[in-house]
Amino acid sequence: MEKWFVAAKKADFNAWAEKYQINPVTARILRNRDLTEEGEVGRFLYGTLEDCHSPWLLKDMDRAVAEICGAVEEGLAIRVIGDYDVDGICASYILTRSLEALGARVDTAIPHRIHDGYGLNDNLIEDARRDGMGMIITCDNGIAAAAQIELANSYGIRVIVTDHHEVPFVTEGGPESTVHRELLPPALAVIDPKQEQCGYPFPGICGGAVAYKLAQALEEKTQNSKLGEVVEELLEFAAFATVCDVMELKGENRILVKEGLRRLNASKNMGIRALAEVNGIEPGKLGVYHLGFVLGPCLNATGRLDTAKRALELLQSQSRAAAISAAGELKELNDSRRNMTLQGEAQAENQIAEQHMEQDKVMVLFLPQVHESLAGIIAGRIREHYNHPVFILTRGEEGVKGSGRSIEGYHMYEAMTEVKHYFTRFGGHAMAAGLSMREEDIPLFRREVNEKCRLQEADFIPRVHIDVPMPLVCGNERLEDELEMLGPFGVGNPKPLFAQKDIVFLNGRIMGANKNFARYRVRTPEGEEKQIVFFGDPERFGRFLDEKYGPGSQTALYEGRGNFPVSVAYHLEKNTYKGRTELQYVMRHYC
């Protein structure tokens with residue numbers, strides 16, 4: 001069951017349409033993206049990198065740049081310490097390449113997911129001491145590593161933190177005067193837009209984007225021409241990280257991704273080009289989907305099943321032969337990861353059914369045999385299926401490890417802070433988190449996190465947000481051309497969704513090797529016949545027809561005897577096949 005909502009935000013759509021020479025429908029969609037002023041509309045439609053915010057607005061940026069420049073001049077050995085996901089890998093590549101361009105003595109360390117866990121740990125600090133490092137720069141981690149940074153300080157190792165995760169805090173005061181006090185690590189500089197004292201206008205950037213901002217600031221400060229050339233190249237990796245870390249494609253994130261995609265499609269990076277090639281992506285056709293669901297998972301697979309250093313080495317490839325070989329290995333790892341994920345998902349579904357967990361507000365599943373690196377993926381899929389916050393816990397080398405994925409209205413990190421006594425380590429943000437805990441505490445954690453959950457039954461009903469109720473007959477190629485200006489689409493900037501009632505389904509044909517695609521002939525209330533395509537679950541749609549119109553309805557539809565009115569929410573898209581491009585209507589929801 002879903003709840004459909006029609007956006008009803010007000011503005012002078014005709015005035016916007018006249019000023020920007022766009023369709024009033026497009027103007028209405030822009031207002032639905034929370035744009036309220038004409039200047040915002042202009043930046044959304046025509047924004048460039050010049051509209052992005054200055055890196056110097058990030059708290060401690062000036063201090064970090066001064067410390068790094070000083071370390072380079074002194075000839076200190078610098079170690080960049082990243083993370084094992086796409087964001088951390090890209091951030092590590094950005095900072096390492098930037099420091100190399102400055103002439104720094106620099107290397108990179110990425111924690112092993114199983115042996116090290118997330119972020120800084122004592123072993124990484126000890127390794128840096130033994131290797132004679134004078135400075136550590138973290139990326140996509142470090143904000144919660146106060147103890148490890150204190151250890152580094154005791155060895156005389158200078159530490160700069162660049163991160164984008166939530167800042168740890170403690171709650172002080174009584175019930176009527178509760179305040180959060182941030183617990184910042186004792187680094188020389190802490191660059192994290194989530195800090196309360198950071199006045200950065202757009203705090204929703206990822207770790208790779210923070211690293212890119214630092215690279216920009218270093219270039220502006222030093223005026224190093226070689227670094228200037230590198231910074232231009234590195235934008236594509238900030239875009240890659242933004243998409244794969246599921247940042248909202250609003251504000252400067254959208255500009256970074258839009259400009260980054262242009263560069264990715266003409267990338268000079270051997271690794272990126274090889275990874276696209278082994279995955280069968282045509283040159284110049286790389287989009288948000290490919291980053292998030294094809295290339296990104298290949299990079300992530302190294303950190304899940306092996307070591308993320310392999311992904312970093314791919315990006316650092318100096319020859320096509322080496323890049324193709326590395327990319328092929330990454331694709332094989334991802335194929336293996338995909339099969340293991342399907343098995344883990346099946347185990348999760350069985351446990352939910354056996355323990356009646358669909359009744360829990362927050363699902364806490366313990367799957368000891370599942371590879372710990374797959375917990376986040378499985379949690380995301382279970383969350384999508386049930387629309388509940390989900391924690392997937394697995395048995396690691398040192399106790400239980402887990403990942404959580406949340407839903408709208410449930411800030412996962414803040415909820416975990418309320419039950420932090422169960423965790424040996426934890427971190428994250430509103431929609432996702434990671435944790436370590438003792439196995440014997442799992443039942444208590446499950447009980448208490450549900451007791452403290454303030455979600456209501458209505459919060460678990462998936463919401464479908466309709467941009468504009470619009471008849472199919474109003475969709476045309478000119479409007480679709482305009483809508484493409486609103487991309488790239490993703491979280492925070494969804495592809496425009498339209499809806500029409502009482503579209504009569506006349507016949508249909510299920511297609512595709514996996515029977516997950518269908519094409520239907522329909523008649524609109526205006527009497528015109530159109531084709532609708534559906535990339536979903538045709539069998540489920542058939543069961544819907546049987547429930548609504550009686551047994552045998554889906555059989556009648558596929559035999560060409562359909563006469564079933566259905567309300568449809570749809571996208572407009574262009575489809576190119578054998579050199580011919582045509583407009584198509586893509587059904588996303590139905591009721």
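Quick note: structure is the one above.
Everything numeric in this text was worked out from a predicted model, so none of it was measured.

Engineer: Lay out the overall build of the chain with the relevant residues and their values.
Structural biologist: When helices and strands are counted, the chain shows 20 helices and 20 strands. Expected size for 591 residues packed as a compact globule is a radius of gyration near 25 Å; at 25 Å, the chain falls within 12% of this value. Projecting the C-alpha coordinates of the chain onto the three principal axes gives extents of approximately 80 × 60 × 55 Å. Relative to its full complement of 591 residues, the chain shows a buried share of 53%. Counting only contacts in the chain whose residues sit at least 6 apart along the sequence, the fraction spanning at least 24 positions is 66%. When the accessible surface of the chain is totalled, it reaches about 26700 Å², and 47% of it is carbon and sulfur. Taking the average place of the 68 positive charges on the side chains of the chain and the average place of its 86 negative ones, the gap between the two points comes to 4 Å.

Engineer: Go over the sheet that holds strand β2 (residues 77-81), please, and point to the residues and values.
Structural biologist: Across the sheet, which stays open at both edges, the 5 strands sit in the order β3-β2-β4-β5-β8 with parallel pairing between neighbours. One side of each edge strand has no neighbouring strand; the edge strands of this open sheet are β3 (105-109) and β8 (189-191). In this sheet, adjacent strand axes meet at a mean angle of 20° when their direction is disregarded. Relative to β3, β2 is paired through 5 bridges, and the arrangement is parallel. Note that in β3 the partner of Ile81 across the bridge is Ala109.

Engineer: Explain helix α2 (residues 24-32) to me, and be specific about the residues and the numbers.
Structural biologist: Among the 9 residues of α2, 7 are classified as buried, and the element is accordingly described as predominantly covered. All of the buried residues in α2 are Val25, Thr26, Ala27, Ile29, Leu30, Arg31 and Asn32. The opening residue of α2, the one whose side-chain oxygen lies 2.8 Å from the backbone nitrogen of Val25, is Asn23. Directly beyond the C-terminal end of α2, a positive phi value near 70° is found at Asp34.

Engineer: So, the environment of Met511: which residues are in play, and what are the values?
Structural biologist: Here Met511 lies in strand β16 (residues 498-511). When the C-alpha positions of Met511 and Ala375 are compared, they lie 32 Å apart, and in sequence the two are 136 residues distant.

Engineer: I'd love a proper account of the sheet that holds strand β12 (residues 423-428), names of residues and values included.
Structural biologist: Read from one edge to the other, the open sheet built from 5 strands follows the order β9-β10-β11-β13-β12, with strand pairing classed as mixed. The open sheet is flanked by β9 (363-366) and β12, the only strands paired with a single partner. Direction aside, neighbouring strands of the sheet carry axes that sit 15° apart on average. As paired elements, β12 and strand β13 (residues 432-437) share 5 bridges and run antiparallel to each other. Bridging across to β13, Gly428 finds its partner in Ala433. Helix-sheet contacts for helix α17 (residues 442-451) involve β9, β10 (390-396), β11 (399-405), β12 and β13, and the interaxial angle to β9 is about 170°.

Engineer: An account of the packing of helix α1 (residues 13-20) against helix α3 (residues 38-46) is needed here, citing residue identities and associated values.
Structural biologist: Each pair of packed helices gets described by two things: the angle between the helix axes and the distance between those axes. The interhelical angle for the contact between α1 and α3, taken along N-to-C directions, is 50°, at an axis separation of 11 Å. Comparing their axes, α3 and α1 come out oblique. The chirality of how α1 crosses α3 is right-handed. From α1, Trp16, Lys19 and Tyr20 reach across to α3, where they touch Glu38, Gly39, Val41, Gly42, Leu45 and Tyr46. A class-by-class count of the residues in the contact of α1 with α3 yields 5 nonpolar, 2 polar and 2 charged.

Engineer: For the packing of aromatic side chains, give the residues involved together with the corresponding values.
Structural biologist: The tally for this structure, following the rule as stated, stands at 21 aromatic pairs. Here Tyr520 and Tyr558 contribute two aromatic rings whose centre-to-centre distance is 6.1 Å and whose plane-to-plane angle is 40°, an arrangement assigned as tilted. Here Tyr520 is found in strand β17 (residues 517-523), whereas its partner Tyr558 is found in helix α20 (residues 553-558), with 38 residues between them in sequence. For Tyr520, a relative accessible area of 0% puts it in the buried group. Ring centres of Tyr549 and Phe564 lie 5.3 Å apart, and the angle between their planes is 35°; this geometry places the pair in the tilted category. With Tyr549 in helix α19 (residues 538-549) and Phe564 in strand β19 (residues 564-577), the pair connects residues that are 15 residues apart, well separated along the chain. The exposure class assigned to Phe564 is buried, which follows from its relative accessible area of 9%. Three or more aromatic residues link up through ring pairs in this structure, and these residues are Phe169, Phe391, Tyr413, Tyr422, Phe423, Phe426 and Phe445. Of note, Arg129 hangs over the ring of Tyr155, and the distance from its end group to the ring centre comes to 5.1 Å. The aromatic ring of Phe44 is capped on one face by Arg254, whose charged end is 3.7 Å from the ring centroid.

Engineer: Requested: an account of the side chain of Arg337, with residues and values cited.
Structural biologist: Inspection of the secondary structure assignment puts Arg337 in helix α14 (residues 320-355). For the buried Arg337, no salt bridge exists, and the shortest N-O distance to an oppositely charged side chain is 7.3 Å, to Asp335.

Engineer: Would you mind going over the pairing of strand β18 (residues 529-534) in detail, with residue names and values included?
Structural biologist: One ladder, built from 6 bridges, connects β17 with β18; its direction is antiparallel. Residue pairing for β18: Ala518 is matched across the bridge by Phe534. Taking the residues that link successive antiparallel strands as the turn, the β17-β18 hairpin has 5 residues, and the phi of Gly527 there is positive, at about 95°. Where β18 and strand β20 (residues 580-590) come together, 2 bridges link them in parallel fashion. Note that in β20 the partner of Ile532 across the bridge is Tyr585.

So, how was this worked out
- Residues numbered from 1 in each chain as written.
- Predicted model: local features only at pLDDT ≥ 70, side-chain atom pairs only at ≥ 80, totals over all residues.
- Heavy atoms only, no water.
- Helix = DSSP H or I, 4+ residues; strand = E, 2+ residues; numbered from the N terminus.
- Rg over C-alpha atoms; globule rule 2.2 N^0.38 Å.
- Buried < 20%, exposed > 50% of the residue type's maximum accessible area, 1.4 Å probe, protein only.
- Contact = heavy atoms within 4.5 Å.
- Areas by Shrake-Rupley, 256 points an atom, 1.4 Å probe, with all protein chains shown as cover.
- Lys, Arg positive; Asp, Glu negative; His and termini not counted.
- Charge placed at Lys NZ, Arg CZ, Asp CG, Glu CD.
- Pairing = 2+ DSSP bridges.
- Axes fitted to C-alpha atoms, helices over the stretch in contact; angles between N-to-C directions.
- Polar contact = N/O pair within 3.5 Å; in protein donor to acceptor, adjacent residues only side chain to side chain.
- Parallel < 35°, antiparallel > 145°, perpendicular 65-115°, else oblique.
- Left-handed = near helix turned anticlockwise from the far one by under 90°.
- Nonpolar A, V, L, I, M, F, W, Y, C, P; charged D, E, K, R; others polar.
- Phe/Tyr/Trp six-rings, centres within 6.5 Å; stacked < 30°, edge-to-face > 60°.
- Lys NZ or Arg CZ within 6 Å of the ring centre and 35° of its normal.
- Salt bridge = Lys/Arg side-chain N within 4 Å of Asp/Glu carboxyl O.

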